[in-house]
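Descriptive structure summary
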Amino acid sequence: MQILVLGAGVVGTTSAWYLRQAGHEVTVVERQSRAALETSFANGGQISVSHATPWANPSAPLKLMAWLGKPDAPLRFRPRLDPAQWGWGARFLRECTSRRARYNLHQLVTLGTYSRERLQSLREDLALDYDQVTRGILHFYTDPAEFERAQLPASQMRAFGCAREVIDADRAVALEPALAGARGRLVGATYTADDESGDARKFTQALAQKAADAGVRFLYDTEIVGFEQRRGDVAGVRVIENGVHHTLRADSYVLSLGSFSPLLARQLGLKLSIYPAKGYSITVPVRSPERAYKVSLTDDQYKLVYSRLGDRLRIAGTAELNGYGRDLDLRRCQAIVRRVSDLMPEAGHWDQARFWTGLRPTTPSNLPYIGRSRLRNLFLNTGHGTLGWTHACGSAAALADIVAGRQPDLDFAFTAA
Ligand SMILES: Cc1cc2nc3c(=O)[nH]c(=O)nc-3n(C[C@H](O)[C@H](O)[C@H](O)COP(=O)(O)OP(=O)(O)OC[C@H]3O[C@@H](n4cnc5c(N)ncnc54)[C@H](O)[C@@H]3O)c2cc1C
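One structure accompanies this document, and this report is about it. Here the structure is a predicted model, which means the values were calculated and not measured.

1. Description of helix α1 (residues 10–21)
Relative to the 16 Å expected for 12 residues at 1.5 Å per residue, α1 spans 17 Å between its end C-alpha atoms, a close match to the ideal helical length. Of all 12 residues making up α1, 10 are buried, and the element is well covered by its neighbours. Within α1 the residues assigned to the buried category are V10, V11, G12, T13, T14, S15, A16, W17, Y18 and L19. Two residues or fewer after α1 comes G23, characterised by a positive phi angle close to 100°.

2. Things to note about the site of the ligand
Among the 34 residues in the neighbourhood of the ligand, the closest are listed as E30, S40, Q46, G385 and T390. One of the side-chain N or O atoms of E30 is found 2.6 Å from an oxygen atom in the ligand. Here an oxygen atom of the ligand and a backbone polar atom of G388 are 3.0 Å apart. The protein chains hide 98% of the 1000 Å² of surface that the ligand would expose on its own. Those elements that provide at least two residues to the shell around the ligand are α1, β10 (222–230), β14 (275–285), β18 (354–362) and α10 (388–403). Considering only residue class, the shell around the ligand consists of 10 nonpolar, 19 polar and five charged.

3. Section: the sheet that holds strand β19 (residues 369–372)
In a beta sheet, neighbouring strands pair by backbone hydrogen bonds and run either parallel or antiparallel. Strand order in the open sheet made by the six strands is β9-β2-β1-β13-β20-β19, with mixed pairing throughout. Edge positions in the sheet fall to β9 (217–219) and β19, since each of these pairs with one other strand and no more. The mean inter-strand angle of the sheet, taken between neighbouring strand axes irrespective of direction, is 20°. As paired elements, strand β1 (residues 2–6) and strand β13 (residues 252–255) share four bridges and run parallel to each other. Across the sheet, residue L6 finds its bridge partner in β13, namely L255. Contacts from α10 reach β1, β13, β19 and β20 (378–382) within the one sheet, and its direction differs from that of β20 by about 170°.

4. Things to note about the environment of V133
Take V133: it is sitting in the loop between α4 (98–126) and β5 (137–141). The exposure class of V133 is buried, given its relative accessible area of 16%. A C-alpha to C-alpha distance of 19 Å links V133 and C162, two positions 29 residues apart in sequence. In this view, V133 contacts E196, S197, K294 and R308; residues no more than four positions away in its chain are not counted.

5. Looking at the packing of aromatic side chains
Evaluated as defined, the whole model comprises 12 aromatic pairs. When the ring of W88 is compared with that of Y275, the centres are 6.5 Å apart and the planes differ by 45°; the resulting orientation is tilted. Within this pair, whereas W88 is found in helix α3 (residues 83–94), its partner Y275 is found in strand β14, the two being separated by 187 residues in sequence. Among the residues examined, Y275 registers a relative accessible area of 2% and is labelled buried. Through pairs of rings, three or more aromatic residues link up here, namely W88, F92 and Y275.

6. So, the nonpolar core
Generally speaking, soluble globular proteins have nonpolar side chains that are buried together. Ranked by size, the top nonpolar core spans 53 residues in total, and within it L122 and F203 carry the most contacts. Contributions of two or more residues to this core are made by β1, α1, β2 (25–29), α4, α7 (200–213) and α10. Considering each element in turn, this core owes the most residues, 10 residues, to α10. Setting aside residues no more than four positions away along its own chain, L122 makes contact with W17, Y18, A127, L128, F203, L207 and C393. Membership of the second largest hydrophobic core comes to 33 residues, among which are A172, A178, V286 and C333.

Calculation notes
- Residues numbered from 1 in each chain as written.
- Predicted model: local features only at pLDDT ≥ 70, side-chain atom pairs only at ≥ 80, totals over all residues.
- Heavy atoms only, no water.
- Helix = DSSP H or I, 4+ residues; strand = E, 2+ residues; numbered from the N terminus.
- Expected span 1.5 Å × (residues − 1).
- Buried < 20%, exposed > 50% of the residue type's maximum accessible area, 1.4 Å probe, protein only.
- Near = heavy atom within 4 Å.
- Polar contact = N/O pair within 3.5 Å; in protein donor to acceptor, adjacent residues only side chain to side chain.
- Areas by Shrake-Rupley, 256 points an atom, 1.4 Å probe, with all protein chains shown as cover.
- Nonpolar A, V, L, I, M, F, W, Y, C, P; charged D, E, K, R; others polar.
- Pairing = 2+ DSSP bridges.
- Axes fitted to C-alpha atoms, helices over the stretch in contact; angles between N-to-C directions.
- Contact = heavy atoms within 4.5 Å.
- Phe/Tyr/Trp six-rings, centres within 6.5 Å; stacked < 30°, edge-to-face > 60°.
- Core = buried A, V, L, I, M, F, W, Y, C linked by side-chain atoms within 4.5 Å.

In structure tokens form, the structure reads like this:
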């Protein structure tokens, strides 16, 4: 079958890989000049099954209220005259019950575990190198109340098969000696030995090359502007390539346009509840290799994730629900630098930090759309929010099964026609 994959982020590129492996003729359409130049470019780097607490949970509404108007709050809702934003917000509130939060957490752990296994076998099969580190993820806490609140989701994750153990501050420092200088501030930690980290951009670009070698066609610098429809099916994708308008046709289509998926899907009458959540990352050269962390870390109080990418430190976090702008608020960047340099002053050349923002394609439940749509020949693989790197390989492998008419080997709420 001929398949057009729309979007060459980590999700579209992994989709193209698994679909090609299943024997399809695959073409990827991407407006940028390479794969992974938008949200998959400089994310936090974590492959974190243990980061499965959904944003929507019983404590979220009060926290959001407290953070309203604070420019350096970790999660910020900036109300706009935008029905998509308000609709998303209302659905988010409905996901905040403890029953929904538990269900969503279970789903995220299930998809995360499956996906991490798919990533590990792909890495081995293709000898991929993307500054991966397989030393687990250590969540550390500097606020007793935050540590207390983490106990329930950590025990739920363990019940669902994610081995996230609760440890004390001394064990945390033994696992990651770069935290020794901050020992006095640590109140506790959790550790998930099976989690890992790596550079999502390097991975995606390396996989795109392998996919191209295996026969996948990549049409870069090609903007998707709309669709042609016939009897309820997609009959073609209208694009502008080098200034020229034309239509690309295939038997089936996979929508993987990240935060832009709902804008294009709307033209087909599909309402996807995906809203961009702008996040920040900083990338800093390592200054003192022995003082710089090697284990991937999560700083729960500040909602920051830290990954060691070779001789670089990547720290990412914060979320702003404020439309599609990617503008950079220096106060937020400085808040990240302040926090990390305060904890590990000698780890990085903090004055050389490079700043980046990206738009997480976020759903109210944090669960992505994977599977069939109402249109017979349109498949969805999008809306991965805060965990698209963690979930990419599993989502793509499952999607290839669904396209082949097979039931994927995991219990997940796939979308149906
Ligand atoms: C600050 C930050 C930190 C993060 N940290 C982590 C982490 O530690 N671990 C984790 O698992 N996840 C993390 N994420 C989330 C993860 O990066 C995303 O979920 C993931 O990158 C989404 O991938 P995607 O392929 O869906 O979207 P994208 O990477 O945005 O890909 C979509 C592609 O579609 C293309 N496109 C869009 N519109 C059009 C059009 N009209 N025509 C042609 N092409 C188009 C874009 O150019 C883009 O290349 C983080 C995100 C952010 C912002």
